[in-house]
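# Summary of the model geometry
As a plain string of letters, each chain reads:
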Protein chains: 2
Amino acid sequence: MSHPLFEKHRALLERAVEAIRGRGYWSPYSENPKSYGENAIEEGRAAFSAYFDAQFYLDQPGVAGRVMSESSPFGLTLDIAYPQCNPDALIAAAKGAMPAWIKAGPDARAGVCLEILARLGAHTMEIAHAVMHTTGQSFMMAFQSGGPHAQDRGLEAVALAWREMKEVPETALWEKPQGKNAPLVLEKSFTVVPRGVALLLGSATSPTWNGYPALFASLATGNPVIVKPHPSAILPLAITVAVVRQTLKEAGFDANLVSLLVDDSGTPVAKEVAQKPDVRLIDLAGRADYVEWFDDNARQARVFAERAGVNCVVIESTADYKAMLRNLAVTLSLYSAQTSSTPQTLLVSSEGVKTPAGTHSAEQFGRDLSVAISALLEDNARAVEVLGAIQSTDTVTRIDAVREQGAERGVILRDSSPIPHPQWPQARVHTPLLVQIDVADRQIYAEECFGPISFVVETATVSEALAVAERIAREKGALTFTVHSTNPVIQQLAEEAAMRAGVALSLNLTGGLFVSQSAAFSDYQGTGANPASSASLVDSDFAAARFFVLQTRRHVVAAQ
Amino acid sequence: MSHPLFEKHRALLERAVEAIRGRGYWSPYSENPKSYGENAIEEGRAAFSAYFDAQFYLDQPGVAGRVMSESSPFGLTLDIAYPQCNPDALIAAAKGAMPAWIKAGPDARAGVCLEILARLGAHTMEIAHAVMHTTGQSFMMAFQSGGPHAQDRGLEAVALAWREMKEVPETALWEKPQGKNAPLVLEKSFTVVPRGVALLLGSATSPTWNGYPALFASLATGNPVIVKPHPSAILPLAITVAVVRQTLKEAGFDANLVSLLVDDSGTPVAKEVAQKPDVRLIDLAGRADYVEWFDDNARQARVFAERAGVNCVVIESTADYKAMLRNLAVTLSLYSAQTSSTPQTLLVSSEGVKTPAGTHSAEQFGRDLSVAISALLEDNARAVEVLGAIQSTDTVTRIDAVREQGAERGVILRDSSPIPHPQWPQARVHTPLLVQIDVADRQIYAEECFGPISFVVETATVSEALAVAERIAREKGALTFTVHSTNPVIQQLAEEAAMRAGVALSLNLTGGLFVSQSAAFSDYQGTGANPASSASLVDSDFAAARFFVLQTRRHVVAAQ
């Protein structure tokens, strides 16, 4: 009765549900490259290179042409030509594939999803190279974040969806006593049905990590998924879609449950497809005005969005000034701050930063942080592993613009400069820009400046610092809020401000965890409670909103 | 540590969660009036009468005047003056009440909600009379549906919300191994936080049954609730709000977590309040265009709506023709079909209705149904107990309009007529109108005609009947779909049509259960999958969409 793939992966699925319930550390996927085999990295590179200068094969309906739009931030020439399909053909094929997928039920769908994840695991290194050369992430980050961590997030989504679906029984006998008369008896059956066709708009910077939760939550709950990658980061999702389609086919399902839709930046298709009546779920991440367009115009769909925001840090006191500076330096440098959870605005009161060795002024803190960043990035070979490359040339333009503003209205604490990459001479690598700016210049530090750009802002008091951070989170949105304070009263005030602003709080990160990092099965990425996100990876609503329950009840004549 | 009200009601709460999981018959509240005490009905009437011609007392902020707007469908003079409060004052008070309610946590909130339900239980008979004389329901229906069944739905919502919230642990220790180095250790805490202020727009026909799920789902998940009853059915919700406020106060919480907002039909406030930025949840039921306004204009809020639709019945064959006719006759007469789940359009193919005693033509079926309705309503004293009174004079106007259309374009199978109420001489009681209409006249039978109006439509084939029903459900929305067929192939086709249309299916109801009835803990009312509803009473999403999870994580220096 039970689907063989469900039985195969059942123990893992149940363990994942348990992990979500406990929210301690857990991951079934290794983040140690060595555990993938002696030559895994090299073999992955070979598999990755095989796609170059060729047509990417996908057996999809409605192929109308080919698109080639990626250019690597590391300067590698990819020249991969993806099949360009008619969106209506993909939607029609997706709809045709639905009934059998619905009928398969939650267990079989979860089993197939876990088989897909297992097979993606076997492609981890190939996907790692693809993530690296499309997003600009360093190899190690592309491997960990784009491989095991993304798979964690996918598994988490399947487990959550399965848990929610399994709360609905398949059948029930409803027997209502009628006093002296025979009871009223009805047989009922309940079917989990999907919302409709899902559209996943891929991220340019974290295509797999950001995309897997939606892909798997939608698929597990019965929705076919059209994957539309960002034109600059197609390959990681194209490989993913190919693996998904192959697994579906081998499991006896229609491969068109998941398809790839590509476009280039000249003729974007996302907005057109998002308005199709059959598209009922949209997952995306992007700039506020881009996301708003979907909220306003794709009204037939439920939109799960992560928008850009402005993340703040308030520094009041620390038990370990050096460790705090190092943690902040790494945080602001990691992947050149090209994640929506990296802090941008650091607030210090004029009372300074209290440390065991005395109080440091805001100005001193700015200089010390600047030195810590420079120390971290001193060695080019090491620096490029931390910084990666800049994904979009817009970010380089933005650095230049803020530098100009900063010089005019504030103080450049640390200038950004291009540095050479020992291995990839054409790589776009730029060190972080750190600017001290007046608290009155909200139009600078309280507006999102995506990329390696951050501001040190001095406030009159700690309360003002917390209030500024709270207001920014409420108005502009924030995915993270970091506070350094050894004072329980300030910690309490910070927790209250975080609650009002609907943002997750990280206190006193001075070790090897950086605030921009979010662990599956434990951390919620985004809350839905401020403008930075209308979804949380991965909460109950993220899964439960993707399906309906249909019931059939029939009268049963009771035996007398 | 644990809240005393949680401990007091814990066993009931856990039993309710179990009932939802099994979806068999269960209810902790009696639908037998006798179990409420020897003189309970009379005592309830006395308590109800005490409100007449007086000011309804509520200790709310911002009282600006008094509103008196109810007129009973049974002709009773109520003259109850409710305090009219400034919406901004209610919102401000609601917001002020939130932090302590959030902090109390899921267990305490669930405990308080269950205490509220217990106390509402003690007011059942008083509320029953209030429901009767504002909605037009007969006393027995007002008692069962407005009392124990409404409380069932409230308890179901609390249990579901509690289950979803309890999936989030309060704390976790996250300990990630770092090879030979000390592990990374973080302490995490998770808090369920509400979406914001909830606005509940009460129904004119089922104020408690329809309102309790939203009231309790919102409150249990931490949201304050502003209850805005329909101007014609204030008292049942006013009594409810008074009980809620008293219970909150005695439990040490701010009574302003739940408040009553009244208006009259001359100066409605719902739309104005729905657009306030602090209002983040709206629950309502109403006509399609009314609901659409909120979808389009209250964009800051999540809207859970039940819209009007057109419910169909397809009759192909039956094992018990008489029992089927009787079931349909009761269904079309119960509360004069003033529920959104009552069928309106009955489809029979030209092949007729197959029965053990031979086949009856569509025309014959129409006549037989007409006779069955007339037999049911032969005795006035009995008829008024089934029919109740007509809630809105618009419905009487609608009966007249459809009679005219019917006479012109079809055949009046059974005319509607006013009948006298033995006890309430001024009651608006009208028997059902049944019209045979051509399948080409979609503009008549496929448009919603709320009230005791139904159509018999002959189609060429059974397939056409199913197709018409499916299309109506998809386009106009439907909460129920009824099919009578003993043929497994037709049953299968019906199930597939129901799935495509996103509507719940009831097969062969020939006993004491009527399709417009929906039992808590077992039946889902609405699916969210067709235009008739954007919410389901009560599924996971109904609860999970009302809260966010905020986390705080802090670095812990690991012991070496």
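Remember, predicted model here, so these are calculated numbers, not experimental data.

For the rest of this paragraph, the subject is the overall build of chain A. Of the regular secondary structure elements, chain A holds 17 helices and 20 strands. Here the C-alpha radius of gyration of chain A, 25 Å, is about what a compact globule of 560 residues would show, namely 24 Å. Seen through its C-alpha atoms, chain A measures out along the principal axes to roughly 85 × 65 × 45 Å. Of all 560 residues assigned to chain A, the portion counted as buried reaches 60%.

This part takes up the relation of the copies chain A and chain B. Turning chain A through 180 degrees and shifting it by 0.0 Å along the axis lays it on chain B, with an RMSD of 0.0 Å. Such a combination of rotation and displacement between the chain copies is what one expects of a two-fold axis. Minimal C-alpha separation from the rotation axis in chain A is found for Asp-541 of chain A, amounting to 3.0 Å. Comparing interface residues between copies, 100% of those in chain A also lie at the interface in chain B; the contact surface is shared.

Turning our eyes to something else, we now look at the domain arrangement of chain A. Residues and elements named next belong to chain A. By the assigned domains, chain A splits into domain 1 (4-307) and domain 2 (311-507). Residue assignment for the side of domain 1 that touches domain 2 shows that the elements contributing at least two residues are helix H5 (139-166) and strand S10 (302-307). Split by residue class, the side of domain 1 that touches domain 2 holds six nonpolar, six polar and two charged.

This brings us to the pairing of strand S16 (residues 433-437) of chain B. All names here are of chain B. In terms of residue burial, S16 counts as a mostly covered element, since five of its five residues are buried. Judged from the three bridges that link them, strand S15 (residues 411-414) and S16 form a sheet pairing that is antiparallel. Bridged to Ile-412 within S16 is Val-435. The pairing of S16 with strand S17 (residues 453-459) spans five bridges and is parallel. Across the sheet, Leu-434 pairs through a bridge with Ser-454, a residue of S17.

Below, the discussion takes up helix H3 (residues 87-122) of chain A. Note that an α-helix has 3.6 residues per turn; residues three or four places apart therefore point the same way. For H3 of chain A, built from 36 residues, the straight-helix expectation of 52 Å at 1.5 Å per residue is missed by more than 12%, its first-to-last C-alpha distance being only 30 Å. At Gly-105 of chain A, H3 of chain A shows its largest kink, close to 110 degrees, and the proline Pro-106 of chain A lies no more than four residues downstream.

Another aspect to go through is the nonpolar core. In terms of nonpolar packing, the biggest core is built from 371 residues, with Val-158, Leu-199 and Ala-469 of chain A together with Val-158, Leu-199 and Ala-469 of chain B touching the most fellow members. Residues in contact with Val-158 of chain A, not counting those within four places in the same chain, are Ala-110, Cys-113, Leu-114, Phe-216 and Ala-220 of chain A.

With that settled, the discussion passes to the sheet that holds strand S3 (residues 80-85) of chain B. Residue and element names in this part refer to chain B. Spatial strand order, S1-S3-S2: three strands in an open sheet with mixed pairing. Edge positions in the open sheet fall to strand S1 (54-55) and strand S2 (63-67), since each of these has one partner strand only. Note: S1 against S3, two bridges, orientation parallel. Its bridge partner lying in S3, Ala-54 is registered against Ile-80.

Cis rather than trans, the peptide bond between Leu-537 of chain A and Val-538 of chain A has omega equal to -5 degrees. When you line up the elements, Val-538 of chain A lands in the loop between strand S19 (504-507) and helix H17 (540-544). Positive phi, normally seen in glycine, also occurs at Arg-23 of chain A, with a value near 60 degrees. Considering the arrangement of structural elements, one finds Arg-23 of chain A in the loop between helix H1 (4-22) and helix H2 (40-49). What makes Arg-23 of chain A buried here is the crowd of 22 C-beta atoms within 10 Å. With a phi angle near 50 degrees, Asp-53 of chain B is a residue other than glycine that sits in the positive phi range. Its place among the elements puts Asp-53 of chain B in the loop between helix H2 (40-49) and S1. A count of 12 C-beta atoms within 10 Å places Asp-53 of chain B in the exposed class.

Here we take up the interface of chain A and chain B. In this complex, chain A contributes 54 residues to the contact, which on the side of chain B involves 54 residues. Counting residues per element, the side of chain A that touches chain B draws most heavily on strand S20 (residues 547-556) of chain A, which supplies eight residues. Its residues placed into classes, the side of chain A that touches chain B shows 23 nonpolar, 18 polar and 13 charged. Sheet topology note: the S20 of chain A/strand S19 (residues 504-507) of chain B ladder contains three bridges and is parallel. Among the inter-strand pairings, Arg-554 of chain A is bridged to a residue of S19 of chain B, identified as Leu-507 of chain B.

Here we take up helix H16 (residues 488-501) of chain B. Over its 14 residues, H16 of chain B extends 20 Å from the first C-alpha to the last, a length consistent with the 20 Å expected when each residue adds 1.5 Å. Taken together, the buried positions of H16 of chain B are Ile-490, Leu-493, Ala-494, Ala-497, Ala-498, Met-499 and Ala-501 of chain B. Here the buried face of H16 of chain B lies against strand S5 (181-194) and S20 of chain A together with strand S11 (311-315), helix H15 (462-476), strand S18 (480-484) and S19 of chain B. Phi for Gly-502 of chain B, located one or two positions after H16 of chain B, is positive at around 65 degrees.

Moving on to the sheet that holds strand S12 (residues 343-349) of chain A. Sheet architecture is open: ten strands sit in the order S15(A)-S16(A)-S17(A)-S12(A)-S11(A)-S18(A)-S19(A)-S20(B)-S5(B)-S4(B), paired in mixed fashion. Whereas interior strands pair on both sides, the edge strands pair on one side only; in this sheet they are strand S15 (411-414) of chain A together with strand S4 (171-178) of chain B. Across the sheet, the axes of successive neighbouring strands diverge by a mean angle of 25 degrees, strand direction being ignored.

Residues and elements named next belong to chain B. Between helix H3 (residues 87-122) and helix H7 (residues 235-250), whose axes approach to 9 Å, the crossing angle comes to 130 degrees. Compared by their axis directions, H3 and H7 come out oblique. Judged by the twist between their axes, the crossing of H3 over H7 is right-handed. Every residue of H7 that contacts H3 at Val-112, Glu-115, Ile-116, Arg-119 and Leu-120 is listed here: Thr-240, Val-243, Val-244, Thr-247 and Leu-248. Along the lines of polarity and charge, the residues of the contact of H3 with H7 split into six nonpolar, two polar and two charged.

Residues and elements named next belong to chain A. By the element assignment, Asp-289 lies in helix H9 (residues 288-297). C-beta crowding within 10 Å serves as the criterion here: with 9 such atoms nearby, Asp-289 is assigned to the exposed category. In this structure, the C-alpha to C-alpha distance between Asp-289 and Arg-307, residues 18 residues apart in sequence, is 8.7 Å.

All right, on to the pairing of S10 of chain A then. Residues and elements named next belong to chain A. For S10, the buried fraction is high: six of the six residues fall into the buried class. Burial along S10 is two-sided: the residues Arg-302, Phe-304 and Glu-306 and Val-303, Ala-305 and Arg-307 are all buried. Here strand S9 (residues 279-286) pairs with S10 via six bridges, running parallel. Paired with Ala-285 across the two strands is Glu-306, which belongs to S10. A crossover connection joins S9 to the parallel S10 through H9; in handedness this β-α-β unit is right-handed.

Thresholds, definitions, all that
- Residues numbered from 1 in each chain as written.
- Chains lettered and ligands numbered in written order.
- Predicted model: local features only at pLDDT ≥ 70, side-chain atom pairs only at ≥ 80, totals over all residues.
- Helix = DSSP H or I, 4+ residues; strand = E, 2+ residues; numbered from the N terminus.
- Rg over C-alpha atoms; globule rule 2.2 N^0.38 Å.
- Buried ≥ 20, exposed ≤ 12 C-beta atoms within 10 Å, placed from the backbone.
- Least-squares fit on C-alpha atoms with pLDDT ≥ 70 in both.
- Contact = placed C-beta atoms within 7 Å.
- Domains from an automatic or database assignment.
- Nonpolar A, V, L, I, M, F, W, Y, C, P; charged D, E, K, R; others polar.
- Pairing = 2+ DSSP bridges.
- Expected span 1.5 Å × (residues − 1).
- Bend = angle between axes of the 7 residues up to and from the residue.
- Core = buried A, V, L, I, M, F, W, Y, C linked by C-beta atoms within 7 Å.
- Axes fitted to C-alpha atoms, helices over the stretch in contact; angles between N-to-C directions.
- Parallel < 35°, antiparallel > 145°, perpendicular 65-115°, else oblique.
- Left-handed = near helix turned anticlockwise from the far one by under 90°.
- Right-handed = clockwise from strand over helix to strand, strands pointing away.

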